[in-house]
Amino acid sequence: MFYQDLHAYIRNTSEEYDVLAKITQHPGRPKPLRVVDQIYMLPGSQLNQAKLVSDYLRGREVVFVGDGDCMSLVTGILGKEKLVDPPAYMRVFDFDERIVKFVRDASQQFGFSDLIEAHYYNVRKPVPKAFFNQSDVFYTNPPYGSKNGGQSGIVFLARCMEFCKSAGSYGVAILPFHHHKAWSRDAMYNIQQFLNQNGYVVSEMLRGMHRYHLDDEPELLSGTVIMDRVKALPPPYRKHIFKKEELRKFYGDSQKEFPDRIDENGIVVAQ
Ligand SMILES: C[S@@+](CC[C@H](N)C(=O)[O-])C[C@H]1O[C@@H](n2cnc3c(N)ncnc32)[C@H](O)[C@@H]1O
């Protein structure tokens, strides 16, 4: 299904948009930093996404790996307002300390802080023991990996595999796929190969679903890929700290050094 068809098919209400905007237009929401590929999703795309994936997240323990879009908070507030069925619990991990703080503050403000926790975490390092193997489902929207054959997505997905339970767990990833763009075909091919080699199959893919605040490429669309863990294989990078050479062009050409974190003032802090 393509973007226009999808928008015609899903009927969103003004009530739903107003609830979404409490998060996405919140005055305390951090400004996206393009240098690390933070490019926020536009509201219609995000509302569609939240409603479509709510079936996969409802009643589950969900881990969000990188959540600049604040899909966790959007899901939480739509659940609180009884517009979707919420997950049982949400854990959010991001290397941007502003996002971690915003998740904590906004969930408190809107009365669902019992449903969510947020932590600083950099995908360069293995998942901390306390969170290994804990979640039923992952949700991630990794950097595009347009200049490294999808390696950025592979690193994120490798960590998602560590966060999740082995048998019967599954994941939801937003991945760019423009079949006429060679970089996106290559990235998708490499990512799906990595998934297969590590016990996952792609069970659903809805492409052309989301648009972004992206001035230089406003027509770039991404899709939702659902993947199921069908074989209990050990996560491939469990003890591995990714090295500089493995993280080349992680954010395209814009960020030369791989960062350790974004601090609370929005400063990119090097390793
Ligand atoms: C590419 S952005 C996702 C795109 C999404 N539209 C957005 O603007 O947030 C990736 C998300 O992961 C986070 N992130 C990027 N690099 C990371 C890293 N090395 N470790 C952990 N989180 C990271 C970013 O802060 C952001 O929330």
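All values reported here derive from a predicted model rather than from experimental measurement. (Residues numbered from 1 in each chain as written. Predicted model: local features only at pLDDT ≥ 70, side-chain atom pairs only at ≥ 80, totals over all residues. Heavy atoms only, no water.)

**Student:** What's the story with the packing of aromatic side chains in this structure? I'm lost.
**Tutor:** One pair of aromatic rings is described through two measures. These are the centre distance and the angle between the planes. In this structure the tally under the stated criterion is 14 aromatic pairs. Ring plane angle 35° and centroid distance 4.5 Å describe the contact between Phe-93 and Phe-163, whose orientation is recorded as tilted. Here the residue Phe-93 occupies a position in strand β2 (residues 89-94), and Phe-163 occupies one in helix α6 (residues 151-163), the gap between them amounting to 70 residues. Taken individually, Phe-93 and Phe-163 each receive the classification buried, so the pair is uniform in this respect. Between Phe-95 and Tyr-251 the ring centres are 6.4 Å apart and the planes differ by 25°, which places this aromatic pair in the stacked class. Of this pair, Phe-95 sits in the loop between β2 and α5 (97-109) while Tyr-251 sits in the loop between β7 (222-229) and β8 (259-262), and the two are 156 residues apart along the sequence. Across this residue pair, the class does not change: Phe-95 and Tyr-251 are buried. Taken together through their ring pairs, the aromatic side chains of Phe-95, Phe-156, Phe-250, Tyr-251 and Phe-258 make up a single cluster. The ring of Phe-132 has Arg-238 lying over it, and the distance from NZ or CZ to the ring centre is 4.0 Å. Directly above the ring of Tyr-120 sits Arg-261, whose terminal nitrogen or CZ lies 3.9 Å from the centroid. (Phe/Tyr/Trp six-rings, centres within 6.5 Å; stacked < 30°, edge-to-face > 60°. Helix = DSSP H or I, 4+ residues; strand = E, 2+ residues; numbered from the N terminus. Buried < 20%, exposed > 50% of the residue type's maximum accessible area, 1.4 Å probe, protein only. Lys NZ or Arg CZ within 6 Å of the ring centre and 35° of its normal.)

**Student:** Just to check I follow, could you spell out empty space enclosed by the protein for this structure?
**Tutor:** In this approach, a probe sized like a water molecule rolls over the atoms, and the result shows the empty space that is left. Scanning all chains against the criterion turns up two cavities of 30 Å³ or more. If you trace the largest cavity, you find 28 residues lining it, with Asp-37, Gln-38, Gly-66, Asn-141 and Pro-143 closest to the centre. Residues belonging to the lining of the largest cavity are distributed by class as follows: 19 nonpolar, five polar and four charged. Roughly 60 Å³ of internal volume is contained in the second largest cavity. Forming the walls of the second largest cavity are Pro-142, Pro-143, Tyr-144, Gly-153, Ile-174, Leu-175, Pro-176, Ser-184, Ala-187, Met-188 and Ile-191. (1 Å grid on protein atoms, 1.4 Å probe; cavity = no way out; pocket = protein on both sides within 12 Å on 5 of 7 lines; lining within 4 Å. Points joined across faces, edges and corners; volume = space filled by probe spheres on them. Nonpolar A, V, L, I, M, F, W, Y, C, P; charged D, E, K, R; others polar.)

**Student:** It is not clear to me how the site of the ligand should be interpreted in this structure. Could you clarify?
**Tutor:** Taken together, 22 residues are adjacent to the ligand, and Ile-39, Gly-68, Asp-94, Asn-141 and Tyr-251 come closest. One of the backbone nitrogen or oxygen atoms of Ile-39 is found 2.6 Å away from a nitrogen atom of the ligand. The side chain of Asp-69 places a nitrogen or oxygen atom 3.0 Å from a nitrogen atom of the ligand. Computed on the free molecule, the ligand has an accessible area of 570 Å², of which 98% lies beneath the protein chains in the complex. (Near = heavy atom within 4 Å. Polar contact = N/O pair within 3.5 Å; in protein donor to acceptor, adjacent residues only side chain to side chain. Areas by Shrake-Rupley, 256 points an atom, 1.4 Å probe, with all protein chains shown as cover.)

**Student:** Can you help me understand the pairing of strand β4 (residues 137-140) in this one?
**Tutor:** In summary, the side chains of a regular strand alternate between the two faces of the sheet. Alternating positions in β4 separate into two faces, Val-137 and Tyr-139 on one and Phe-138 and Thr-140 on the other, with burial throughout. With four bridges connecting them, strand β1 (residues 61-65) and β4 associate as parallel partners. Within the sheet, the bridge partner assigned to Val-62 lies in β4 and is Val-137. Relative to strand β5 (residues 170-176), β4 runs parallel, the two being bridged by four bridges. (Pairing = 2+ DSSP bridges.)

**Student:** Can you walk me through the sheet that holds β5 in this structure?
**Tutor:** Strand pairing in a sheet takes place through backbone hydrogen bonds and is either antiparallel or parallel in direction. Taken in spatial order, the seven strands line up as β3-β2-β1-β4-β5-β7-β6 in an open sheet, and their pairing is mixed. Bordering the open sheet on either side are β3 (116-120) and β6 (200-210), each of which pairs with just one other strand. With direction set aside, neighbouring strand axes in the sheet form an average angle of 20°. Across the sheet, helix α3 (residues 43-57) touches β1, β4, β5, β6 and β7, and the angle it forms with β6 is around 160°. Here helix α7 (residues 182-197) sits on the sheet and contacts β5, β6 and β7; the angle it forms with β6, its principal contact strand, is near 155°. (Axes fitted to C-alpha atoms, helices over the stretch in contact; angles between N-to-C directions. Contact = heavy atoms within 4.5 Å.)

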